[in-house]
Each structure stands twice: as C-alpha cells, then as structure tokens.
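Residue-level listing of the chains:
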Amino acid sequence: MSEGRDDPDIFWVDPKLRGVFPLDRFHISRSLARRLRRDDYGVSVNADFEGVLRGCADREETWISDVIHDLYLQLHRLGRAHSLEVWMGGELVGGVYGVTLGRAFFGESMFSRRTDASKIALAYLVDRLKLAGFVLFDTQFITPHLASLGAIEIPRADYHRRLEKALLGAADFTAPQLPQSASEVLQRNTQTS
C-alpha cells in the first residue's frame, strides 16, 4: 500500500485482525439474488485489467499510487494479478482485482459505478475461486459492505496458518469456465436468505 496517490513509498500491511471471505459462507441476500437474476449485465475476466485498476483508483483518496499501478500491471502481465469486470450497455461499471499465489486470492480493491455492480462482481468472483480450488480469499480489512456479504476478521496467527496452507497448493484463476448465468452462481452459493 501507499499513503496516497502521490506517495512514492509502498509498504506491506499485516494487521492484527485480518479480513477474509470464507468461500463457503459468502452471503447472497434476497435482494442481491434478485439483482443477479435481472441479467442486464455482462461479466468477464481479465478483459480490462487496467480499466478495473483505474476504476478502483478513481476516488478522492486512494492508496493506489502510480508506483503501485505500474507494479500491478507487471503482475498482471506475469499472470499473477487478475480482474473480474461487470459491464452494462458496453460500459465497464464495476469490478474487482487481486493477486494470486498458490491457492490464495488477495483481493486488492473493487469499484462500482452502478448500484450493486461490486456485489455482482464479488458473487461471480467467489464462485470462480471455488471452482478453481482456492481456499483463501484475503480482503486485508473488512468494511460494513464486505461484512454484510460474509467477510469476517480473524487473528493474525490464524491468518498466517491459513496462508501457509494455501501457499502449498496450486489453483488457476483462469482455468474454470466463467459461470454462464446468474442461476449457476446462485446454485453453487446456497447461502441465500
């Protein structure tokens, strides 16, 4: 991370409490299920990584400096950073990006230009991570938004144990077929209420 857009320095974050999404407990609310079924959007993977990166940095205050932007582009070219995009009417309206190592996905940032676009992105992302064999979805910190979808905080020592196990295996973010419909995503994520 960096302190801000113009900060040339970067640093690692290892908080006492770490945000994670237990992949088997992602919460799809009734309203999100209805939104997914409307099917007035498209979803893609790695179709516009830089667009997602720019969308995530397009806010008044951001930790995505020019140095970090360039490093994520390099990681993407190396096949280590990936994006999931949400499109409406041919326009990129939301997305999420992160870094993969072993069976761990490190969610870095997400954005939304339309209502629920980031929730749609997360629902498809969690489904993809499950299909590909990931076991850890790291969010670093949680927000009320992430908590409403099932993210939790775990102590640093527990996180380090989970991370160590996740790094021993292998998963391929690009391997599984992208879910073709919202009904497939909903069927595989039964935590609806």
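Just above sits the structure.
Below is a summary of the structure that appears in this document. (Residues numbered from 1 in each chain as written. Predicted model: local features only at pLDDT ≥ 70, side-chain atom pairs only at ≥ 80, totals over all residues. Heavy atoms only, no water.)

**Quick look at the pattern of salt bridges**
For the structure shown, the criterion picks out seven salt bridges. Here Asp-116 and Lys-119 are joined by a salt bridge, their closest N and O atoms 3.9 Å apart. Given the relative accessible area of 24%, Lys-119 is considered partly exposed. (Salt bridge = Lys/Arg side-chain N within 4 Å of Asp/Glu carboxyl O. Buried < 20%, exposed > 50% of the residue type's maximum accessible area, 1.4 Å probe, protein only.)

**Focus on the side chain of Ser-118**
Secondary-structure assignment places Ser-118 in helix α4 (residues 117–132). For Ser-118, a relative accessible area of 9% gives the class buried. (Helix = DSSP H or I, 4+ residues; strand = E, 2+ residues; numbered from the N terminus.)

**Some words on the sheet that holds strand β5 (residues 104–112)**
Ordered by their spatial adjacency, seven strands build an open sheet running β2-β3-β4-β5-β6-β1-β7, and the pairing between neighbours is mixed. The open sheet has two free edges, formed respectively by β2 (42–45) and β7 (152–155), since each of these has just one partner strand. With strand direction ignored, the average angle separating the axes of adjacent strands in the sheet is 35°. Here strand β3 (residues 81–88) runs beside strand β4 (residues 91–101); their pairing, made up of eight bridges, is antiparallel. Considered in β4, the bridge of Val-86 is made with Gly-94. The sheet contacts of helix α6 (residues 156–168) involve β1 (17–20), β4, β5, β6 (136–140) and β7, and relative to β7 the element is tilted by about 95°. (Pairing = 2+ DSSP bridges. Axes fitted to C-alpha atoms, helices over the stretch in contact; angles between N-to-C directions. Contact = heavy atoms within 4.5 Å.)

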